[in-house]
Amino acid sequence: WSYNAGMAHLSISLLGEFRTTLDGRPITGYHSDKGRALLAYLAVESEQAHRRARLAGLLWPDWPERAARTYLRQALFDLRQLLGDRDAATPFLIATYHTIQFNPQSDHALDVTALIEASDRASKATSSLTRAELERLRQVAERCAGDFMEGVFLEDCSAYEEWQLLTRERLRRRQFELLRALADGFEHFGDFRQALSQAWLRVELEPFLHQAHGQAIRLLARTGESGAALAHYRRYCRMLEEELGAAPDSAITSLIDQVRTGRLPSEIEPEIVAPRSDAARDMPRFPLPALLSTAKPPRSRPPFVARETELAQMAVHLERALDSQGKVVFVRGDAG
């Protein structure tokens, strides 16, 4: 169905299951995942117009250019029908002979944008957030809890899959930053139960990060569940040993000693996070180099453990490289 009388409101949800509504009514009738993929790409990358030739190559890379552009033209026609764009005073899609762009001035809501704005707000003003602001940010985190574009797979489009994967990882980092700020904020207000709820979500998102487990252990102890805190520590130790052949870092072992003796500090100890430039926080722009693979790493080559600061620094360098500000970085260490 299609409907757009005047200026209808379009809602696009890309975190979790792909969902779109127009004036509150679900949009159905997508002919394929490529129609969904095209709308998602245009909505996330709405800051610029995209040349039709590039979009055609992105979604139909194995077809001759003329055929790919024909498929793109049909997908655009279908999208405009679904969105009611042909009769709209303010269309959602701006199409010219050479380019297509999602209209940033249209009446729309995109959950990806909501997550980025919420994580920015939370990370810049954690200590000054009011209780009401924390609750609003918690609601955003709840709505934006899923992985980017779950269930949408384009197996024949490696460049699109690469963009999708990198975008997913960056948004997971945004989710993680927002959950950390929420847990710290609720703990600051003495709402340890709500803080613990956010900490558990954080552990689920990054199960091997020491700080996430340390925060959960501390909050369990603050809610009077020291036994549960110790039990979780033991489970975490077993997981590290079985999965990575590693042990918890000194910060967690020190925290456990404090839990056992009832000497938890009254102030929240800030987590050390490497500084990130505004350019590094931006969403990646296509095209991107082939850097990542969707394949899971083999067990014989596990990720680094207890190197969060160094990995954060490397992430900054990687993001700057993706933003055309690359430099040479040497990593040196003993074998093994």
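Quick caveat, the model's predicted, so the values are computed rather than measured. (Residues numbered from 1 in each chain as written. Predicted model: local features only at pLDDT ≥ 70, side-chain atom pairs only at ≥ 80, totals over all residues. Heavy atoms only, no water.)

### Thoughts on the overall build of the protein chain
Here's step 1: Broken down by element type, the protein chain carries 12 helices and seven strands.
Here's step 2: When burial is assessed residue by residue, the protein chain has 43% of its 336 residues classed as buried.
Here's step 3: Across the protein chain, the fraction of contacts at a sequence separation of at least 24, relative to all contacts at a separation of at least 6, is 68%.
Here's step 4: Of the roughly 18,400 Å² that the protein chain leaves accessible, carbon and sulfur atoms contribute 51%. (Helix = DSSP H or I, 4+ residues; strand = E, 2+ residues; numbered from the N terminus. Buried < 20%, exposed > 50% of the residue type's maximum accessible area, 1.4 Å probe, protein only. Contact = heavy atoms within 4.5 Å. Areas by Shrake-Rupley, 256 points an atom, 1.4 Å probe, with all protein chains shown as cover.)

### Examining the packing of aromatic side chains
Here's step 1: Counted under the stated rule, the structure contains seven aromatic pairs.
Here's step 2: Aromatic pair Trp-60 and Tyr-71: ring centres 6.0 Å apart, planes at 25°, arrangement stacked. Residue Trp-60 is located in the loop between α2 (52-59) and α3 (65-83), and its partner Tyr-71 is located in helix α3; the two are separated by 11 residues in the primary sequence.
Here's step 3: Given a relative accessible area of 35%, Tyr-71 falls into the partly exposed group.
Here's step 4: Plain terms: the ring middles of Trp-63 and Tyr-71 are 5.1 Å apart, the flat faces sit at 75° to each other, and that makes the pair edge-to-face. (Phe/Tyr/Trp six-rings, centres within 6.5 Å; stacked < 30°, edge-to-face > 60°.)

### Details of the pattern of salt bridges
Here's step 1: On inspection of all chains with the given rule, the structure shows 13 salt bridges.
Here's step 2: Of the charged contacts, one joins Arg-172 and Asp-147 as a salt bridge, the two residues approaching to 3.1 Å between their closest N and O atoms. Highlighted residues: Arg-172 in helix α6 (residues 158-188) and Asp-147 in the loop between α5 (131-143) and α6, separated in sequence by 25 residues.
Here's step 3: A salt bridge links Arg-193 to Glu-225; the nearest nitrogen and oxygen atoms lie 2.7 Å apart. Placement of the pair is Arg-193 in helix α7 (residues 192-205) and Glu-225 in the loop between α8 (210-222) and α9 (226-244), with a sequence separation of 32 residues.
Here's step 4: Residue classification places Arg-193 among the exposed positions, given a relative accessible area of 52%.
Here's step 5: Judged by its relative accessible area of 28%, Glu-225 falls in the partly exposed class.
Here's step 6: Three or more residues joined by partner-sharing salt bridges are found here, namely Glu-135, Arg-138 and Glu-142. (Salt bridge = Lys/Arg side-chain N within 4 Å of Asp/Glu carboxyl O.)

### Notes on helix α10 (residues 250-261)
Here's step 1: Across its 12 residues, α10 extends 17 Å between first and last C-alpha, which sits within 8% of the 16 Å expected from 1.5 Å per residue.
Here's step 2: Residues Ile-252, Leu-255, Ile-256, Gln-258 and Val-259 constitute the buried set of α10. Axial view of α10: buried residues confined to an arc of 160°, hence all on one face. Along α10, exposed side chains directed more than 90 degrees from the buried face belong to Ser-250 and Arg-260.
Here's step 3: Immediately downstream of α10, the backbone of Gly-262 shows phi near 70°, a positive value. (Expected span 1.5 Å × (residues − 1). Arc of directions from axis to C-beta.)

### Looking at the side chain of Arg-202
Here's step 1: Residue placement: Arg-202 occurs in helix α7.
Here's step 2: Judged by relative accessible area, Arg-202 falls into the buried class, the value being 0%.
Here's step 3: Side-chain polar atoms of Arg-202 contact the side chain of Gln-215, separated by 2.9 Å. (Polar contact = N/O pair within 3.5 Å; in protein donor to acceptor, adjacent residues only side chain to side chain.)

### Thoughts on a nonpolar patch on the surface
Here's step 1: Taken together, the side chains of Met-314, Val-329 and Val-331 define a hydrophobic patch exposed on the protein surface, amounting to about 250 Å² of accessible area.
Here's step 2: Looking at where Val-329 falls in the secondary structure, it is placed in the segment after α12 (308-322). (Patch = residues over 30% accessible without salt bridge, like charges linked within 9 Å, V, L, I, M, F, W, Y side chains within 5 Å.)

### Thoughts on the pairing of strand β6 (residues 99-102)
It is a general feature of regular strands that their side chains alternate between the two faces of the sheet.
Here's step 1: In β6, alternate side chains face the same way, and those of Thr-99 and Gln-101 on one face and Ile-100 and Phe-102 on the other are all buried.
Here's step 2: Of the pairings in the sheet, the one linking strand β5 (residues 93-95) to β6 comprises three bridges and is antiparallel in character. Of the residues in β6, the one forming a bridge with Ala-95 is Ile-100.
Here's step 3: Hairpin connection from β5 to β6: three residues lie between these consecutive antiparallel strands. (Pairing = 2+ DSSP bridges.)

### Details of the sheet that holds β6
Here's step 1: Taken together, the three strands give an open sheet; going across it, the order is β4-β6-β5, and neighbouring strands pair in antiparallel fashion. Looking at the sheet topology across the chains shown, the edges are occupied by β4 (50-51) and β5.
Here's step 2: Lying over the sheet, helix α1 (residues 33-44) contacts β4, β5 and β6, oriented at roughly 75° with respect to β6. (Axes fitted to C-alpha atoms, helices over the stretch in contact; angles between N-to-C directions.)

### A closer look at the pairing of strand β1 (residues 10-13)
Here's step 1: Where β1 and strand β2 (residues 19-22) come together, four bridges link them in antiparallel fashion. Directly across from Leu-10, in β2, lies its bridge partner Leu-22.
Here's step 2: By the bridge criterion, three bridges tie β1 to strand β7 (residues 108-110) in an arrangement that is parallel. Its bridge partner being in β7, Ser-11 is matched across the sheet by Ala-109.

### Concerning the confidence of the model for the protein chain
Note that predicted coordinates carrying low pLDDT should not be read in detail.
Here's step 1: The predicted model of the protein chain averages 83 in pLDDT, with 80% of residues at 70 or higher.
Here's step 2: Counting interchain partners and residues more than four positions distant, the pLDDT-below-50 stretch residues 272-301 has 55 contacts. (pLDDT = per-residue confidence, 0-100.)

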